[in-house]
Amino acid sequence: MPKLSKKERQNLLDDLKGVLSGEVFTSEIFSQLYSTDASLYEIQPAAIVRPTSVDDVVTCVKYAAENQLSVTPRGAGTGLAGESLNNGIILDFSHSMRKILSTQDNCVAFQPGVVLGNLNRHLKKEGRLFGPDPSTRNVTTIGGVISIDSSGSHFLKYGSARHKILGLQVVLADGEILETRETHFHPVD
């Protein structure tokens, strides 16, 4: 996607601000702030959206699909491969979608912007832990941990993120919401 003109950025801002409850930025300053992560790469986004709800995410993804814009989720930007960068829309989950929603029956529900270290401090009160322990655990968000199936130095003890997930709520490229749940398959003897 070629870089958007100032007028195109303003149109994008006006369109998204009119339909989202979260924040939308298209200024040069915000684009520069979100143009890098922990990698060597630099890609300036057309817009930054800080969703406050799943509805914001769905609306943003649908808008992007209708307007042929790419969408990339972003947490803390600790990835080393440029995975939180793109020249379309950045969805920053670390700003407003960082709540632990519930803790019950050996399960915890959370939003993707929760910092892994904060999640584990919360779980420690109950004598529990979300096992994967990447070196950036006090900065990296749980959405990033799950998206790259992070593990860390204690992989043999705790496994990776995929070994701990019972279900996900995912917004697909067309804006549809997919809910996954763990299913046990028993081989036929």
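Residues numbered from 1 in each chain as written. Predicted model: local features only at pLDDT ≥ 70, side-chain atom pairs only at ≥ 80, totals over all residues. Heavy atoms only, no water.

Trainee: Tell me about the sheet that holds strand β3 (residues 71-74), and name the residues and values.
Mentor: Consider a sheet: its strands pair through backbone hydrogen bonds, and that pairing is either parallel or antiparallel. Read across the open sheet, the four strands follow the order β1-β2-β4-β3; overall the sheet is mixed. In this open sheet, the two strands that pair with only one neighbour each are β1 (23-25) and β3. With strand direction ignored, the average angle separating the axes of adjacent strands in the sheet is 20°. For β3 and strand β4 (residues 89-92), the ladder comprises four bridges, and the chain directions are parallel. Opposite V71, over in β4, you have I89 as the bridge partner. On top of the sheet, helix α1 (residues 6-17) reaches β1, β2 (47-50) and β4; it is set at about 175° to β1, its chief contact. In the packing of helix α3 (residues 54-66) onto the sheet, the strands contacted are β2, β3 and β4, and the crossing angle to β4 comes to about 170°. (Pairing = 2+ DSSP bridges. Helix = DSSP H or I, 4+ residues; strand = E, 2+ residues; numbered from the N terminus. Axes fitted to C-alpha atoms, helices over the stretch in contact; angles between N-to-C directions. Contact = heavy atoms within 4.5 Å.)

Trainee: Just give me the short version of the packing of aromatic side chains, but keep the residues and values in it.
Mentor: Within this structure, the stated rule accounts for two aromatic pairs. Between the aromatic rings of F30 and Y34, the centroid separation amounts to 6.4 Å while the plane-to-plane angle is 15°, which identifies the pairing as stacked. Counting every residue linked through ring pairs, the aromatic cluster contains F25, F30 and Y34. (Phe/Tyr/Trp six-rings, centres within 6.5 Å; stacked < 30°, edge-to-face > 60°.)

Trainee: Tell me about the nonpolar core, and please be specific about residues and values.
Mentor: With 19 residues, the main nonpolar core has L12, L16, V49, I89 and L91 as its most contacted residues. Among the secondary structure elements, those contributing two or more residues to this core are α1, β2, α3 and β4. With five residues, the top contributor of residues to this core is α3. Formed by nine residues, the second largest nonpolar core is a distinct cluster that contains L116, L119, L123 and I165. (Core = buried A, V, L, I, M, F, W, Y, C linked by side-chain atoms within 4.5 Å. Buried < 20%, exposed > 50% of the residue type's maximum accessible area, 1.4 Å probe, protein only.)

Trainee: Kindly report on the pairing of β2, identifying the contributing residues and their values.
Mentor: The two faces of β2 match: A47 and V49 on one face and I48 and R50 on the other face are all buried. Relative to β2, β1 is paired through three bridges, and the arrangement is antiparallel. Opposite V24, over in β2, you have V49 as the bridge partner. Judged from the three bridges that link them, β2 and β4 form a sheet pairing that is parallel. For V49, the partnering residue across the bridge sits in β4 and is L91.

Trainee: Give me the lowdown on the pattern of salt bridges, citing residues and values where you can.
Mentor: The final tally for this structure, using the stated rule, is five salt bridges. One salt bridge in this structure joins E179 and R181, with 3.3 Å as the shortest N-O distance. For R181, a relative accessible area of 59% puts it in the exposed group. Within the structure, one salt-bridge network assembled from shared partners comprises E23, R50 and D92. (Salt bridge = Lys/Arg side-chain N within 4 Å of Asp/Glu carboxyl O.)

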